[in-house]
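Each chain, letter by letter, is given below.
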Amino acid sequence: MIKLVFLLLYFSNTSHAEDQDLCKYFKYCGGSSRKSSQSLPSSASAGNLNPGNISSVKGLGIETLYQPKNPLTFAIVTGNGRIGALVSPTLENSFFGNRSIEIDELLLARKLNKIQYENKKINLAIGAKILDKKNIGLDIGVSVKRNPQIKKINPGVGLSARFSFLNFGAYFYQDDVKVDLGNYVNPYTNILYSTTHQGTTYQEKFSVETYTVGTKIKSLSLDYGLIKTRYKFYQESTRISLYSSSYSYNSFLFNLALRKEDSPNLDFENGLMVIKRKKADIYYGAQYLVNHSIVVGLQYNNFLLHEWSATLTIFI
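Conventions used here
Residues numbered from 1 in each chain as written. Predicted model: local features only at pLDDT ≥ 70, side-chain atom pairs only at ≥ 80, totals over all residues. Heavy atoms only, no water. Helix = DSSP H or I, 4+ residues; strand = E, 2+ residues; numbered from the N terminus. Buried < 20%, exposed > 50% of the residue type's maximum accessible area, 1.4 Å probe, protein only. Contact = heavy atoms within 4.5 Å. Areas by Shrake-Rupley, 256 points an atom, 1.4 Å probe, with all protein chains shown as cover. Arc of directions from axis to C-beta. Phe/Tyr/Trp six-rings, centres within 6.5 Å; stacked < 30°, edge-to-face > 60°. Core = buried A, V, L, I, M, F, W, Y, C linked by side-chain atoms within 4.5 Å. Salt bridge = Lys/Arg side-chain N within 4 Å of Asp/Glu carboxyl O. Pairing = 2+ DSSP bridges. Polar contact = N/O pair within 3.5 Å; in protein donor to acceptor, adjacent residues only side chain to side chain.

1. Topic: the overall build of the chain
Counting its regular elements, the chain contains four helices and 16 strands. Taken over 316 residues, the chain has a buried fraction of 51%. Once local pairs closer than 6 in sequence are excluded, the contacts in the chain between residues at least 24 apart make up 57%. For the chain, the computed accessible surface area is about 15,000 Å², with 62% contributed by carbon and sulfur atoms.

Structural data, given as structure tokens:
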């Protein structure tokens, strides 16, 4: 991993000057128009991590993602260069998202069959530029999330800043979840969830904290993100660390990321559930700029299923 970062640093200093102009076309899929989280592969992933990240969007873009056995997903971004908006599914239980409550046996079945986490929540985010100078910048963002099962609005507020060569971000939001407990057993206590929670369904409202820090060196972007959540459903909190990078070269954008999760959720080895708090996953992908309006891409492990998926971004 370290050798790869140094290799990318070397190429970022030797790439053509014209590569820097691609950032304005890759603005919907990991470009440098954001104050923070510049290395994330799409505006949907960056906007879900912090709504302040979409303030610089200019125009209209549609992001689509296809993975076999699963529905086609869509995200829409638009803006005038100072105020941007995003409408997208939330990215829970995916590589760049929070880990939500899920019965471990159902998670095992999803992984074995490469089925995405069923999530009907919608995220609406708006970001706006407050300050945009040469060595300093400040954006703010707000979001609302709605779970159709619970039908309540959950607000959030984010801050994205740039000072010299560093960028920072912080995002705080509320969310909720509803789980069908069925006849599933808690693997830690060997007691039925329905007995512990006195019902066949469980509902909870929770808060999430997200922090990011990163930098950009010519064509190379590096970021670190931390997602913190405390659920009543579990006895211990959840912490997710994201180490992400992106590199643009000619008409290509490459992404590489590492996710380290510390959570009560079980891990899976050789198709079996294993009690293991610390888990690690890797993500990589490549995108190609077909022209100034179309970007196609291929990515691995976006949904934490060790799967391949294809992306298409169209913007005007």
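2. A closer look at helix H3 (residues 104–113)
Along H3, the residues that are buried comprise Asp104, Leu107, Leu108 and Arg110. The buried residues of H3 occupy an angular sector of 160 degrees when projected down its axis, which confines them to one face. Contacts from the buried residues of H3 go to helix H4 (193–196), strand E12 (267–269) and strand E13 (272–274). Where H3 ends, the next residue or the one after it, Lys114, has phi of about 55 degrees, a positive value.

3. Quick word on the packing of aromatic side chains
Scanning the entire structure with this criterion turns up 17 aromatic pairs. Judged by centre distance (4.9 Å) and plane angle (65 degrees), the ring pair of Phe95 and Phe96 falls under edge-to-face. In this pair, the class of Phe95 matches that of Phe96, namely buried. Between Phe252 and Phe254, the aromatic rings sit 5.8 Å apart at their centres with planes inclined by 15 degrees, giving stacked as the arrangement.

4. A look at the nonpolar core
Membership of the largest hydrophobic core comes to 26 residues, with the highest contact counts inside it found for Phe95, Phe96, Ile101, Leu181 and Phe233. Among the elements of the structure, helix H2 (43–49), strand E7 (166–180), strand E8 (201–217) and strand E10 (238–249) are those that each provide at least two residues to this core. Among all residues touching Phe95, those that are not within four sequence positions of it are Leu242, Ala257, Leu258, Arg259, Asp281, Ile282, Tyr283, Asn301, Asn302 and Leu304.

5. What about the pattern of salt bridges?
In total, this model carries 11 salt bridges according to the counting rule given. Notably, a salt bridge pairs Glu92 with Lys121, separated by 3.1 Å at the nearest N-O pair. In this pair, Glu92 sits in the loop between strand E3 (83–89) and H3 while Lys121 sits in the loop between H3 and strand E4 (122–132), placing the two residues 29 residues apart along the sequence. In this structure Glu92 comes out as buried when scored by relative accessible area, which is 7%.

6. So, the side chain of Asn302
Summarising the element assignment, Asn302 is placed in the loop between strand E15 (294–300) and strand E16 (308–315). You can call Asn302 buried: its relative accessible area is 12%. The residues contacting Asn302, other than those within four sequence positions of it, are Leu65, Ser94, Phe95, Phe96, Tyr283, Glu307 and Ser309.

7. Here we look at unusual backbone geometry
Positive phi, normally seen in glycine, also occurs at Ser164, with a value near 55 degrees. Mapped onto the fold, Ser164 is located in the loop between strand E6 (153–163) and E7. A residue is classified by how much of its surface remains accessible, and Ser164, at 41% relative accessible area, is partly exposed. If you check the backbone angles, Gln198 has positive phi at about 55 degrees while not being a glycine. Here Gln198 is to be found in the loop between H4 and E8.

8. Things to note about the pairing of strand E1 (residues 58–66)
Pairing geometry for E1 and strand E2 (residues 73–80), over eight bridges, is antiparallel. Across the sheet, residue Leu65 finds its bridge partner in E2, namely Thr73. With six bridges connecting them, E1 and E16 associate as antiparallel partners. Residue pairing across strands places Glu63 opposite Thr313, the latter belonging to E16.

9. Points about the environment of Asn265
Residue position: Asn265 is located in the loop between strand E11 (252–262) and E12. Asn265 sits in the buried class, given a relative accessible area of 2%. Once residues lying within four places of it in the same chain are set aside, the contact partners of Asn265 are Arg99, Ser100, Glu102, Asp104, Tyr234, Lys276 and Lys279. Engagement of the side chain of Asn265 in a polar contact is seen with the side chain of Tyr234, the distance being 3.1 Å. A polar atom in the side chain of Asn265 sits 3.3 Å from the side chain of Ser263.

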